[in-house]
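Chain by chain, the residues run as shown.
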Amino acid sequence: EAGVAQSPRYKIIEKRQSVAFWCNPISGHATLYWYQQILGQGPKLLIQFQNNGVVDDSQLPKDRFSAERLKGVDSTLKIQPAKLEDSAVYLCASSFRLLSTGELFFGEGSRLTVL
Amino acid sequence: AQSVTQPDIHITVSEGASLELRCNYSYGATPYLFWYVQSPGQGLQLLLKYFSGDTLVQGIKGFEAEFKRSQSSFNLRKPSVHWSDAAEYFCAVVGGKLIFGQGTELSVKP
């Protein structure tokens, strides 16, 4: 079974530039999550989709971050414009059903460095 | 609000020695608790989970964890550590969403 795919693995940009990350979840998984992991911290949920609808985006900085999951499969997370504090690993995860009893499967992450 | 505390940022153990990683949670009801492991450059992998029932749960790679409601703890243990266990370990609780602790980095001495 193929795992969660993410790209790019690494990205270096200047502040105020834009960047986009892509995620393809495990086939058949209805729920998709984007987490931000800053060095030395645990992952923090940015946004959670159930199919193509948003379940929770309470911690997404909506003035600069956006995410979509068209057709309820793959997803894109965008940052525009980037700030220095956005340097982090962006983890995508998926689960068969909503979180409450399910296990999350994580991709390898996309590491963003903002200079 | 739900939260998870991992008191130890970094732990070093000798190969073959036993291991215990501490986790304390804050949650009003019966929690769903997890331990995940993250190897360098990798995503997180589930080690074990607790939903209800037996308070001692077994996971993959020889890990186990014990849920103690009276202490609000869910400590991870392994009787004999292998060099390949060196990684970052995250405790997490479900409170509407999966909330992670800050992680404990495990180093293994030969």
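A short tour of the structure in this document, coming up.

What counts and what doesn't
Residues numbered from 1 in each chain as written. Chains lettered and ligands numbered in written order. Predicted model: local features only at pLDDT ≥ 70, side-chain atom pairs only at ≥ 80, totals over all residues. Heavy atoms only, no water. Disulfide = S-S within 2.5 Å. Helix = DSSP H or I, 4+ residues; strand = E, 2+ residues; numbered from the N terminus. Buried < 20%, exposed > 50% of the residue type's maximum accessible area, 1.4 Å probe, protein only. Phe/Tyr/Trp six-rings, centres within 6.5 Å; stacked < 30°, edge-to-face > 60°.

## A few points about the state of the cysteines
Piece 1. Within this structure, the stated rule accounts for two disulfides over all chains.
Piece 2. A sulfur-sulfur distance of 1.9 Å marks the disulfide that ties Cys23(A) to Cys92(A). Taking the sign of the torsion about the S-S bond as the criterion, the disulfide between Cys23(A) and Cys92(A), at about -70 degrees, is left-handed. Of this pair, Cys23(A) sits in strand β3 (residues 19-24) while Cys92(A) sits in strand β9 (residues 88-95), placing them 69 residues apart in sequence. Of the two residues, Cys23(A) and Cys92(A), both sit in the buried class.
Piece 3. One disulfide in the model links Cys23(B) with Cys91(B); its S-S distance is 2.0 Å. Residues Cys23(B) and Cys91(B) are joined through a disulfide that is left-handed, its torsion about the S-S bond being -65 degrees. Of this pair, Cys23(B) sits in the loop between β3 (19-21) and β4 (24-26) while Cys91(B) sits in strand β10 (residues 87-94); the two residues are 68 residues apart in sequence, bridging distant segments of the chain. The residues Cys23(B) and Cys91(B) share a single accessibility class, namely buried.

## Comments concerning the packing of aromatic side chains
Piece 1. Applying the stated rule across the entire model yields 16 aromatic pairs over all chains.
Piece 2. For the pair Tyr35(A) and Phe106(A), a centre-to-centre distance of 5.8 Å together with 50 degrees between the ring planes defines the contact as tilted. Of this pair, Tyr35(A) sits in strand β4 (residues 31-37) while Phe106(A) is found in strand β10 (residues 105-106), placing the two residues 71 residues apart along the sequence. Each member of the pair, Tyr35(A) together with Phe106(A), is buried.
Piece 3. Seen in terms of ring centroids, Tyr35(A) and Phe100(B) are 5.6 Å apart; in terms of plane orientation they differ by 85 degrees. Their pairing is edge-to-face. Taken together, the positions of Tyr35(A) in strand β4 and Phe100(B) in strand β11 (residues 98-100) put the pair across two chains.
Piece 4. Cluster of aromatic residues (ring-pair linked, three or more members): Tyr33(A), Tyr35(A), Phe106(A), Tyr32(B), Phe34(B), Tyr36(B), Phe51(B), Phe90(B) and Phe100(B).

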